[in-house]
Amino acid sequence: MTTAAALTAELETVLAEATTRLAAADDLATVAAIDSEFLGKKSTVSAAKQQLGALDADQRKAAGQAINAIREALTGQVEAARIRVADQARAEQVAAERLDLTERLSSIRRGSLHLNTQARDRLEDVFVGMGFTIAEGPEVETAWYNFEALNIPEWHPARGSFDTIFVNLGEPEEVMLRSHTSPVQIRTMEVQEPPIYIVAPGRTFRTDTADATHLPAFNQIEGLVVDRGITLGDLAGTMQEFVHAFFGREVKTRLRPSYFPFTEPSAEFDISRPDGSWLELGGCGMVHPNVLRNCGIDPEIWQGFAFGFGIDRLAVMRYELDDIRELVNNDVRFLHQF
Amino acid sequence: MKVTLSWLREFAPDIAGDPDELGEILSSLGLAVEGVEIIGELVDGVVLARVLDLRAHPDADKIQLVDVDPGDGNPLQVCCGAFNMSVGDLIPFATVGTVMPNGMEIAQREMRGQLSNGMCCSAAEIGFGSDADGILILNDRVVDGATLGMPLAEALGLEADVLWDLEVNANRPDALSVAGVARDLAAALGVKFSYPDYPIVHSDEPVAGLLDVTIEDPELCGRFVATVLRNITVGTSPEWMQRRLTQLGMRPINSIVDISNYVMLELGQPNHTFDLDTLVDGKLVVRRAQAGETIETLDGAVRHLEPSDGVIADGNGVLVSLAGVMGGAHTEISASTRNVLLEMAWWDPPSISRTVKRLNLPSEASTRFRRGADWGDNISRAMRRFIQLATEAGAVAVDGVVDVAGQTPAREPVPVRVAKVNGLLGTTLTAEAMVALLEPIGFTCAGSGEVIEVTVPTWRWDTETETDIAEEVGRMFGYENIPPTVPKGPAAGGLSAYQQDRRLVRDVLVGLGCDETLPMPFLAPGDLSRAALPEDGVTLTNPLHAEESVLRTSLLPGQLKAIAYNQSHRSDPVRFFEIDHVFLPAAEGQVLPDEREYLAVALAGEEAPAAVAILDVLDRALALPNLQLTPADLPGLHPTRSAEVVIAGRTRGQVGEVDPGVLAAYGVQGRVAWLQLDLGEVLNGPHGTRRYTPVSKFPSSDVDLAFVLADGVQAAQVEASIRKAGGSLLAGLELFDIYRGEGLETGERSLTYHLRFQAADRTLTDAEVAELRQACIQQVANKTGATLRS
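What you see is a predicted model; the values in this text were computed from it and never measured.

Another point: the domain arrangement of chain A. Considered domain by domain, chain A is made up of domain 1 (4–96) and domain 2 (115–335). For domain 1 of chain A versus domain 2 of chain A, the separation of C-alpha centres amounts to 87 Å.

Set out below in structure tokens:
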């Protein structure tokens, strides 16, 4: 007849054996096997539970408690062993997998946007924020768009100052590489009713021999506003807002009287340098009534202003480039810097 | 235009102030100061000295020894190469340590064994004129009280002066004169401006009978004024005149030429002198040239004229001047000239402009005529000034001038609406305030209230309209005084869809490790044919260099040049992209070339699949509809490794590799994977449409299929067949192995695909999957002849 004491003694022996074998286990499979052997359906603990019914009632309770205690102890030991073995395995794995992350055989490199594009994007973003849209146009233009519609007739001395590169199409001097982005103004006004708020960035051309400060092909951005009641004061304010957004609020602007055939009044706009001197940034003015008329816009109803300046120069200024030709050399040692 | 303060003050004596502040005012008037210089101080260290003795150098013929007294009682020996001094002469002497204007520092030197302790100076050496011949002798020139050793400027009584170099815009012909600048500056400062009197003396000989001037083309010549100066001796002009001319950037030539230039600079009126004795009967005819006429101009060149050119002919019909542009050679003033015909005229600016441009003959005079000289009182004033200066130099003027009128611009009063001017400027000026701004610069105003009648002065040819006058109001009011405002503006700004997508393309390519390059759009002749492309690029009429004389029709040559450049600098490999314009031949009936925006990707050292991979990423980014690659033999590209890019059934570009022969022609090492798209067509075409499909909640089944197919069959065909057979149940298709070699015939390869099947509404049964698998195999076999690899 099995007694509670005998049962308990047997279970103690089992526990001792399990404890010994768990301590020796060094992988998860062994722990799982021990778990199954000592706590599974065919284990001594399970068998002992089956035998409870054969015990006297007074023995049964003590025996039940003993079985539960042993079972809990076993479960705890298995879990602890499992954690120990897993920790050990992880420790061995990570010890074996050491990498020096500064060993870079090859790396994924981000490409770069050209400095002109970066400058152009920044300018576009500032003007978009001020309510402008972006207009574009062809680089090869007719004399009408490049000159005549802009109030620069064939005999005008200003034509000479553009140092135009002509193209062998049409009549002599009829087709040319645009010498400014202003033709985009005309193309826009021809198809769009005012109000018009555009900026037109793009490449322009002059017969300038390439040197450290000149390129025959360079980039400008031009702005055009045509609306009711637009004033020279609006031009001054718009330039000021732009300069604050693009260069910083500490930079001051000023307009100086100047002359362009397509604006009247005309002005140069300067920005202040940290030393207090002024830097000429570009030209601007109120759109000449003849230019509006050439595009079928009544200057008695609509008024507007236009402005323009170089983009390449901004890139040159920002990074203090000592040779503007770097912008067209496409040397990766240069491109990768930005 | 250069001006000096002292000269400006001859018209407005009250102009005064700090040179920098005056410069700011000039700039704010639209006369931008490009340079400012304090002059008249001469060179520090150059002092008045006396020649004490002149001795021959014992060992040299070309230099002599001079003992000078520089004022401190210690005579110094100097070696000097000039021999025009006499004992007792006062001379400019540069002491040891003086830095000359040319940068040379005077040091004690030994010349052939003799010490030289300084330098005796010529006028040119100290910037006191152009005379470099001999030492400047100052005996009669020093002021009372000058002492030896005194700084030279002080000894000569020179006052420091300010020289401004002003940028004068094309609409300001008046400001191409000292007087014109003075008028503006005086108005801005609120001080008086007036012309000096130019009193003249003349003989009793009347001009009538001496000259016979006819204007046959009144549109060409608005006014022609002439007179005669006798007893001319062509010599050197006075030192003060030479100095002013030199200061303003003109080289003194002789007494007559110098007066001519002086009057032009001072009053803005160009003028011309003829040797009267070379003119037949003093007769001049102003007309247009006849076709085929020629004239030998002052510079000795024979000019072939056209009927648009203005000319002056003599009594025999021989041309004596290219009107307003350049005089004729045979009537030019010479050393033997005794009688001069002096002419001042007003020429039609467009006419002069055309001739100057066609003959490429710019000059100080024609620049003024092109911008519009003054046809009013200024011509008579300039005549008096010339006569005055010439008679001071010994000439004798005859009595009176011939003044023939042609057609000058009308100067009707312009009604100027006060509200319109304020509306243009953003100001709130009253009529009275506007008048107060306009009158000091010579605009005559009448009326008040809402409209002012403004008469524009004759020295402002370019100024005609209400807007022109508004500009003058703004200029004199000061742009800096106009309150900055911002337009109320439109609803919203933004990038167009095209512009946004273009930025997306750029960002994708940058993320793929490509650098954006922007070569100039010019090619050299032959660049296109070297790239196996048609040599049909539009050519430039006046290129700077032959290497930049063709506009590109493809981005390929520029990219290959960029790659070759970088390889030559050992920067390899490179991944480049470019988005820019190409210029295809003009379409029928169009004058402009067919200009398009292309995208190019060039991957040096990589093979065609790398370019296709980039295209696939762009496809994903832009959601291009039905992207297909059609194998093609394309100019410049590798014939067996290239394809046309077809989007929604339309060819939009090319992808593959560059032809090895083209690479060799451009000196590019290794392969170049290539992609070029007509980005304009792609982005303006349909794309970017994405539709939501719910993600299936049911398990998927995977099937791997390896097909053996001939090299001529495209993988795309296999994939299309699988997609067709799989239909909506095909959730994924991926090529994961390409095999050629053992076990396969030559000309065959095996493609292994990973297929995933999944239904949106149920778990597919094994039987369904097996059926789908078989359908795919069958479809591929039917369409491509490919068999399942055993």
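The subject of this paragraph is the interface of chain A and chain B. Contact residues are listed per partner, giving 84 residues for chain A and 80 residues for chain B. Between chain A and chain B lies a buried interface of about 6900 Å² when both sides are counted; carbon and sulfur atoms form 56% of it. Applying the counting rule to chain A against chain B returns 11 salt bridges. For Arg417 of chain B, the salt bridge goes to Glu300 of chain A, with nearest N and O atoms at 2.8 Å. Put simply, chain A and chain B have 45 residue pairs in polar contact (both at pLDDT 80 or more) between them. Residue classes in the side of chain A that touches chain B are distributed as 35 nonpolar, 25 polar and 24 charged.

Attention now goes to unusual backbone geometry. Residues and elements named next belong to chain A. Here Pro194 and Pro195 are connected by a cis peptide whose omega angle stands at 5°. Topologically, Pro195 is positioned in the loop between helix 8 (183–191) and strand 5 (196–205). For Asp163, which is not glycine, the phi dihedral falls at a positive 45°. Following the sequence through the fold, Asp163 ends up in the loop between helix 7 (157–161) and strand 3 (165–166). Even without a glycine there, the phi angle at Asn330 is positive, about 60°. Tracing the backbone through its elements, the reader meets Asn330 in the loop between helix 12 (326–329) and helix 13 (332–335).

The next subject is the confidence of the model for chain B. With 99% of its residues at a pLDDT of 70 or more, chain B has an overall mean of 93. When the elements of chain B are averaged for pLDDT, helix 3 (residues 152–155) of chain B gives the smallest value, 85, and strand 34 (residues 672–677) of chain B the largest, 98.

Residues and elements named next belong to chain B. Pairing is mixed across the open sheet formed by 5 strands, whose spatial order is 11-14-17-18-19. Whereas interior strands pair on both sides, the edge strands pair on one side only; in this sheet they are strand 11 (212–215) and strand 19 (326–327). Judged from the 4 bridges that link them, strand 11 and strand 14 (residues 283–288) form a sheet pairing that is parallel. Bridging from a neighbouring strand, Thr214 pairs with Val285 of strand 14.

Residue and element names in this part refer to chain B. In this model, helix 4 (residues 178–189) (12 residues) spans 16 Å end to end at C-alpha, consistent with the 16 Å of a helix rising 1.5 Å per residue. The element helix 4 is extensively covered by neighbouring structure, given that 10 of its 12 residues are classed as buried. Within helix 4, burial applies to Val178, Ala179, Gly180, Val181, Ala182, Arg183, Asp184, Leu185, Ala186 and Ala187. Its buried side turned inward, helix 4 meets strand 1 (2–4), helix 1 (5–8), helix 2 (19–28), strand 10 (161–167), helix 6 (255–267) and helix 12 (466–477). Within two residues after helix 4, Gly190 carries a phi angle of roughly 70°, on the positive side.

Okay, the packing of aromatic side chains next. Under the criterion given, the structure shown has 23 aromatic pairs over all chains. Aromatic side chains Phe305 of chain A and Phe307 of chain A sit 6.3 Å apart centroid to centroid with 35° between the ring planes, which places their arrangement in the tilted category. You can call Phe305 of chain A buried: its relative accessible area is 0%. Centre to centre, the rings of Trp7 of chain B and Tyr262 of chain B are 4.6 Å apart; their planes meet at 25°, and the pair counts as stacked. Taken as a pair, Trp7 of chain B in helix 1 and Tyr262 of chain B in helix 6 lie far apart in primary sequence, 255 residues in all. Take Trp7 of chain B and Tyr262 of chain B: they sit in the same class, and that class is buried. Members of the aromatic cluster, joined through ring pairs, are Phe127, Phe132, Tyr197, Phe242, Phe246, Phe247, Phe269, Phe305, Phe307 and Phe309 of chain A. The ring centre of Trp302 of chain A lies 4.5 Å from the NZ or CZ of Arg228 of chain A, which sits over that ring.

On to the nonpolar core, then. Judged by nonpolar contacts, the single largest core of 96 residues is most densely connected at Leu8, Trp164, Leu211, Phe224, Leu229 and Trp347 of chain B. Both domains that meet at this core, namely domain 1 (2–40 + 160–189) and domain 3 (212–405) of chain B, each give it at least three residues. In this structure, Tyr197 and Phe242 of chain A together with Leu425 and Leu438 of chain B belong to the second largest nonpolar core, which totals 59 residues.

As a further point, take the sheet that holds strand 7 (residues 253–260) of chain A. Residue and element names in this part refer to chain A. The strand order across the open sheet formed by 7 strands is 1-5-6-10-9-8-7, and the pairing between neighbours is mixed. Taken across any chain shown, the strands that pair with only one partner, and hence form the sheet edges, are strand 1 (133–134) and strand 7. As defined by bridge partners, strand 5 adjoins strand 6 (residues 217–227) across 10 bridges and the pair is classed as antiparallel. Its bridge partner being in strand 6, Pro201 is matched across the sheet by Ile221.

When you line up the elements, Glu343 of chain B lands in strand 20 (residues 340–347). Arg223 of chain B is the oppositely charged side chain nearest to the buried, salt-bridge-free Glu343 of chain B, at an N-O distance of 11 Å.

According to the stated counting rule, one finds 63 salt bridges over all chains in the structure shown. Between Arg187 of chain A and Glu141 of chain A there is a salt bridge, and its shortest N-O distance comes to 2.7 Å. Remark: Glu141 of chain A occurs in strand 2 (residues 140–142) and Arg187 of chain A occurs in helix 8; sequence separation between them is 46 residues. A relative accessible area of 23% means that Arg187 of chain A is categorised as partly exposed. Between Asp594 of chain B and Arg596 of chain B there is a salt bridge; the shortest N-O distance is 3.1 Å. Residue classification places Asp594 of chain B among the partly exposed residues on the basis of a relative accessible area of 26%.

Calculation rules
Residues numbered from 1 in each chain as written. Chains lettered and ligands numbered in written order. Predicted model: local features only at pLDDT ≥ 70, side-chain atom pairs only at ≥ 80, totals over all residues. Heavy atoms only, no water. Domains from an automatic or database assignment. Contact = heavy atoms within 4.5 Å. Buried area = accessible area lost by both parts, 1.4 Å probe. Salt bridge = Lys/Arg side-chain N within 4 Å of Asp/Glu carboxyl O. Polar contact = N/O pair within 3.5 Å; in protein donor to acceptor, adjacent residues only side chain to side chain. Nonpolar A, V, L, I, M, F, W, Y, C, P; charged D, E, K, R; others polar. Helix = DSSP H or I, 4+ residues; strand = E, 2+ residues; numbered from the N terminus. pLDDT = per-residue confidence, 0-100. Pairing = 2+ DSSP bridges. Expected span 1.5 Å × (residues − 1). Buried < 20%, exposed > 50% of the residue type's maximum accessible area, 1.4 Å probe, protein only. Phe/Tyr/Trp six-rings, centres within 6.5 Å; stacked < 30°, edge-to-face > 60°. Lys NZ or Arg CZ within 6 Å of the ring centre and 35° of its normal. Core = buried A, V, L, I, M, F, W, Y, C linked by side-chain atoms within 4.5 Å. Lys, Arg positive; Asp, Glu negative; His and termini not counted.

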